[in-house]
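Summary of structural features
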Amino acid sequence: MQPRDLSDHSPYVPGRGVEEVARELGIDRSDLIKLSSNENPHGPSPAAIEAIREHAERVNVYPKSSHADLTDRIAEEWGVSPEQVWVSPGADGSIDYLSRAALEPDDRVLVPDPGFAYYAMSARYHHADVETYDLSIDDGFTQTAENVLSAYGGERIVYLTSPHNPSGSVIPLEAVETIADATAEETLVVVDEAYGEFADVDSAIPLVNDRDDVAVLRTFSKAYGLAGLRIGYSVVPEAWGEAYARVNTPFAASELACRAALAALEDPSHVEESVETARWAREYIDAELDADTFESAGNFVLARVGDGSAVAEAARERGVIIRDCTSFGLPGCVRISTGTREDTREAVKRLNEVLAELELEAEA
Ligand SMILES: *Cc1c(COP(=O)(O)O)cnc(C)c1O
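Conventions used here
Every chain is numbered on its own, with residues counted from 1 as its sequence reads. It should be noted that, the model being predicted, local features are given only for residues of pLDDT at least 70 and side-chain atom pairs only at 80 or more, the latter also being counted only at that level, while totals for whole chains, interfaces and linings use all residues. Note: side-chain values were computed over all heavy atoms of the structure, leaving out hydrogens and water. UniProt positions are given in the numbering used here, feature names are shortened, and annotations may be inferred rather than shown by experiment. We count a stretch as a helix when DSSP gives it H or I for four or more residues in a row; a strand needs E for two or more, and each element gets its number in order from the N terminus. What makes two residues a contact is simply this: any of their non-hydrogen atoms within 4.5 Å. Think of a polar contact as two N or O atoms within 3.5 Å of one another; within protein, one of them needs to be a possible hydrogen donor and the other a possible acceptor, and neighboring residues in sequence only count if both atoms come from side chains. Whether a residue is near a molecule or strand is decided by its heavy atoms; if any one of them lies within 4 Å of it, the residue is near. For the accessible areas, the method is Shrake-Rupley and the probe is 1.4 Å, while residue cover comes only from the protein chains on display. Residue classes follow a fixed rule: Ala, Val, Leu, Ile, Met, Phe, Trp, Tyr, Cys and Pro count as nonpolar, while Asp, Glu, Lys and Arg count as charged, and any other residue, Gly among them, counts as polar. Only protein chains enter the calculation, and the probe is 1.4 Å; a residue is then buried if its accessible area is under 20% of its type maximum, exposed if over 50%, and partly exposed in between. How far a helix is expected to stretch is found by multiplying one less than its residue total by 1.5 Å. The pairing criterion is simple: DSSP has to find at least two bridges between the two strands. For helices, the fitted axis covers only the stretch in contact; all axes are lines through C-alpha atoms, and the angles between them, taken along N-to-C directions, range from 0 to 180 degrees. In this analysis, rings of Phe, Tyr and Trp, with Trp reduced to its six-membered ring, are considered paired at centre separations within 6.5 Å, and the interplanar angle assigns stacked below 30 degrees, edge-to-face beyond 60, and tilted for intermediate values. A domain assignment, automatic or from a database, supplies the domain bounds used here. Two parts placed together each lose some accessible area under a 1.4 Å probe, and adding up what both lose gives the buried area. A pairing counts as a salt bridge when a side-chain nitrogen of Lys or Arg comes within 4 Å of a carboxyl oxygen of Asp or Glu.

**Re the UniProt feature "modified residue: N6-(pyridoxal phosphate)lysine" (unreviewed entry) in the chain**
On the UniProt side, "modified residue: N6-(pyridoxal phosphate)lysine" (unreviewed entry) is annotated at positions that read Lys222 here. Turning to its location among the elements, Lys222 is positioned in the loop between strand S7 (214-219) and strand S8 (232-235). When near neighbours in sequence (up to four residues on either side) are disregarded, Lys222 contacts Ser37, Asn38, Asn40, Ala194, Tyr195 and Phe198. Of the polar contacts made by the side chain of Lys222, one reaches the side chain of Tyr195; its length is 3.2 Å.

**As for the site of the ligand**
Taken together, 13 residues form the shell around the ligand, and within it Asp192, Tyr195, Thr219, Ser221 and Lys222 come nearest. In this structure, an oxygen atom belonging to the ligand sits 2.6 Å away from a side-chain N or O atom of Tyr195. Taking Arg230, its side chain carries an N or O atom lying 2.7 Å from an oxygen atom of the ligand. Compared with its free state, where it exposes 380 Å², the ligand has 94% of that area covered by protein. Among the elements that line the shell around the ligand, the one with the most residues is helix H4 (residues 90-102), at three residues. Here the shell around the ligand is built from residues that sort into four nonpolar, five polar and four charged.

**Regarding the environment of Glu50**
You can see Glu50 is positioned in helix H2 (residues 46-55). By relative accessible area, Glu50 is classed as exposed at 52%. Residues Glu50 and Thr187 lie 137 residues apart in sequence; the distance between their C-alpha atoms is 42 Å.

**Here we look at the environment of Ala261**
Among the structural elements, Ala261 can be located in helix H10 (residues 255-265). According to the relative accessible area criterion, Ala261 is buried, its value standing at 0%. Ala261 sits 65 residues away from Gly196 along the chain, and the two C-alpha atoms are 16 Å apart. When sequence neighbours within four positions are dropped, the list of residues in contact with Ala261 reads Leu70, Phe220, Leu226 and Ile231.

**Details of H4**
Counted at 1.5 Å a residue, the expected span for H4 with its 13 residues is 18 Å, and the 19 Å between its end C-alpha atoms agrees. Extensive coverage of H4 is indicated by the burial of ten of its 13 residues. Within the span of H4, buried status applies to Gly90, Ala91, Gly93, Ser94, Ile95, Asp96, Tyr97, Leu98, Ser99 and Ala102.

**Here we look at the sheet that holds strand S10 (residues 300-304)**
In space, the four strands of this open sheet follow the order S9-S10-S13-S12, with antiparallel pairing throughout. Whereas interior strands pair on both sides, the edge strands pair on one side only; in this sheet they are strand S9 (292-293) and strand S12 (323-324). The strands that helix H12 (residues 308-317) touches are S12 and strand S13 (333-337); relative to S13, the one it contacts most, it runs at about 40°.

**What about the packing of aromatic side chains?**
For the structure on display, the rule yields eleven aromatic pairs. Ring centres of Tyr62 and Phe251 lie 4.6 Å apart, and the angle between their planes is 25°; this geometry places the pair in the stacked category. With Tyr62 in the loop between H2 and helix H3 (65-78) and Phe251 in the loop between helix H9 (244-247) and H10, this pair connects stretches of sequence that are 189 residues apart. Exposure remark for Phe251: the relative accessible area of 37% places this residue in the partly exposed category. Taking 6.0 Å as the distance between ring centres and 50° as the angle between the ring planes, the aromatic pair formed by Phe220 and Tyr233 counts as tilted.

**Quick look at helix H11 (residues 268-288)**
An α-helical turn contains 3.6 residues, so a residue and the one three or four places further along point in the same direction. Between its terminal C-alpha atoms H11 stretches 30 Å, which fits the 30 Å expected from 21 residues at 1.5 Å a residue. Looking at the packing, one finds that the buried side of H11 touches S9, S10, S13 and helix H13 (341-363).

**Considerations on the sheet that holds strand S3 (residues 108-113)**
The strand order S2-S8-S7-S6-S5-S3-S4 describes an open sheet built from seven strands, whose pairing is mixed. Edge positions in the open sheet fall to strand S2 (85-88) and strand S4 (129-134), since each of these has one partner strand only. Within the sheet, the average angular offset between the axes of one strand and its neighbour, ignoring direction, is 25°. Pairing between strand S6 (residues 188-192) and S7: four bridges, direction parallel. Across the sheet, residue Val189 finds its bridge partner in S7, namely Val214. Against the sheet, helix H5 (residues 118-125) makes contact with S3, S4, strand S5 (157-161) and S6, and its axis sits at roughly 160° relative to S3, the strand it touches most. Contacts from helix H7 (residues 173-182) reach S5, S6 and S7 within the one sheet, and its direction differs from that of S6 by about 160°.

**Considering the domain arrangement of the chain**
Domains assigned within the chain are domain 1 (18-43 + 269-359) and domain 2 (47-265). The distance between the C-alpha centroids of domain 1 and domain 2 comes to 26 Å. Facing 25 residues of domain 1, the contacting portion of domain 2 comprises 24 residues. When domain 1 packs against domain 2, close to 1,900 Å² is buried across both sides, 63% of that on carbon and sulfur atoms. Applying the counting rule to domain 1 against domain 2 returns one salt bridge. Close ionic contact of Arg279 with Asp200 constitutes a salt bridge, the shortest N to O distance being 3.9 Å. For the pair domain 1 and domain 2, the interface holds eight residue pairs in polar contact (both at pLDDT 80 or more). Among the elements that take part in the side of domain 1 that touches domain 2, H11 stands out by supplying seven residues, more than any other.

So this is what it looks like as structure tokens:
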């Protein structure tokens, strides 16, 4: 027998792992610079590592109190009620919870193109259809209310990504409000702030308290360096709070993930350092890379290089793993995550060699 017809469901293709590439090139993994998945080059907070060690011997029990503690802690951080905080396995888990809570079969969601693949994947799992609004490379992926609303046709969920992956552009809070005001009462505007810590703009979370049609996604995967643990959350309108118990996968956020996230929240200096490095590195890449780049508020920079797949491939042969953006519908671009200062400098040097070489080949 077979699974159901999944031909509409495109598989998620993750960036390549360090081990995999090192083995392929026959080099040591420490010689590789991996800037393809927007991970934190500083690693997790030492406090989070200690919390993981400390709680390792208690993983025989279900994560009940740690989950409640984390929910309370996040609620306190943002000045919302604990019911409004939906802790989940990564922000991806929250996307699923919102899909479960919002979508009936044949509902539609509106997502950015280019954009983060999981919005559409989750919608399709829940038997919904996907519409897109275009963000145009020609105006630097600028996000405006007018642009989103011109594509809006009564969708149940509208996804906004700020900072946007892969471009790094942000959407002003006034535009979020304009969109929420202009869309139907039954439309939930979801603002994905997976990279919110790196941006110089305010979070949309206070809007969630003022209105009943905006939700915000946040994660510990990026600025907090806990991608491998899978822990994130959404902040939802008051009236949605009660739905959590009906839609969440029981205990999907693990004991170690909850403990590490709690510890990470008590170590703001780690996040500050991570943000500072990312801000330095995105400016360095913008200034030093021999290609057009887009202004980014995240921990990555999108660059227009001509043939993204050829550049990513040649970079890989030089030990630098970056993201070819063909799968985002941007075959002319690569996305470069910000690394440590040392790795960023070295990566840009090698990437400039690659760009010069490919240009010579093109001229020959
Ligand atoms: C990384 C990312 C996420 C969430 O990742 P998780 O690891 O599931 O928390 C969400 N949205 C965007 C745009 C991302 O880039």
